[in-house]
Amino acid sequence: MTRKEVESLFKTHYAQMYHLALSLLFDEAESKDVVSEVFASLLRGSAIVRADNAQAFLLASVRHRCLNVLQHKQVQERFARLLMEDSETLESKETAEEQ
């Protein structure tokens, strides 16, 4: 896909893509990043868009990237919670041993 074609898609679909990402992520910066990643993949040639399904493809790409971001956040939160629980367990064991 040429740079000019990507620019045309950007001008036509950016606002709708951004609003979809924002409605899923509730974060302006992350939403902009997700949309930028979709367009970057088009410029790299790692995705091919047909003119007849460009809007559907772009919106589906944004949705999938948002779901990946949310899933990654969930894993990070779980890890942080487990780490906190482990440190609390260690602290309580150390306190019990000192007594």
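For the structure itself, look to the data block above.
Residues numbered from 1 in each chain as written. Predicted model: local features only at pLDDT ≥ 70, side-chain atom pairs only at ≥ 80, totals over all residues. Heavy atoms only, no water.

Caption draft 1: Structural context of a negative patch on the surface. Residues Glu85, Asp86, Glu88 and Glu91 make up a contiguous surface patch of negative charge. Relative to the helices and strands, Glu85 is located in helix H3 (residues 54–98). A relative accessible area of 39% places Glu85 in the partly exposed class. (Patch = residues over 30% accessible without salt bridge, like charges linked within 9 Å, V, L, I, M, F, W, Y side chains within 5 Å. Areas by Shrake-Rupley, 256 points an atom, 1.4 Å probe, with all protein chains shown as cover. Salt bridge = Lys/Arg side-chain N within 4 Å of Asp/Glu carboxyl O. Lys, Arg positive; Asp, Glu negative; His and termini not counted. Charge placed at Lys NZ, Arg CZ, Asp CG, Glu CD. Helix = DSSP H or I, 4+ residues; strand = E, 2+ residues; numbered from the N terminus. Buried < 20%, exposed > 50% of the residue type's maximum accessible area, 1.4 Å probe, protein only.)

Caption draft 2: How the structure looks around the packing of helix H1 (residues 3–25) against helix H2 (residues 28–44). Where H1 meets H2, the closest approach of the two axes is 9 Å, and the angle between their N-to-C directions is 150 degrees. Between H1 and H2, the crossing angle belongs to the class labelled roughly antiparallel. In this structure, H1 crosses over H2, and the sense of that crossing is right-handed. Of H2, the residues touching H1 (which contributes Arg3, Val6, Leu9, Phe10, Tyr14, Met17, Tyr18, Ala21, Leu22 and Leu25) are Glu28, Glu30, Ser31, Lys32, Val34, Val35, Val38, Phe39, Leu42 and Leu43. Split into classes, the residues belonging to the contact of H1 with H2 amount to 15 nonpolar, 1 polar and 4 charged. (Axes fitted to C-alpha atoms, helices over the stretch in contact; angles between N-to-C directions. Parallel < 35°, antiparallel > 145°, perpendicular 65-115°, else oblique. Left-handed = near helix turned anticlockwise from the far one by under 90°. Contact = heavy atoms within 4.5 Å. Nonpolar A, V, L, I, M, F, W, Y, C, P; charged D, E, K, R; others polar.)

Caption draft 3: Representation of the pattern of salt bridges in the model. On inspection of all chains with the given rule, the structure shows 4 salt bridges. Across the pair Glu30 and Lys73 runs a salt bridge whose closest N-O atoms are separated by 2.9 Å. Pair noted here: Glu30 is in helix H2 and Lys73 is in helix H3, with a separation of 43 residues, a long-range link. Note on Glu30: relative accessible area 22%, which makes it partly exposed. Judged by relative accessible area, which is 27%, Lys73 ranks as partly exposed.

Caption draft 4: Quick peek at H2. With 17 residues, H2 should cover 24 Å at 1.5 Å per step; its first-to-last C-alpha distance of 24 Å lies within 8% of that length. Along H2, the residues that are buried comprise Ser31, Val34, Val35, Val38, Phe39, Ser41 and Leu42. Seen from one end, H2 has its buried residues packed into an arc of 155 degrees, which puts them on one side. Its side-chain oxygen 3.1 Å from the backbone nitrogen of Ala29, Asp27 forms the N-cap of H2. Just beyond H2, the residue with positive phi is Gly45, at close to 85 degrees. (Expected span 1.5 Å × (residues − 1). Arc of directions from axis to C-beta. Polar contact = N/O pair within 3.5 Å; in protein donor to acceptor, adjacent residues only side chain to side chain.)

It is worth stressing that arrangement in space is one thing and function is another; only the former is reported here.
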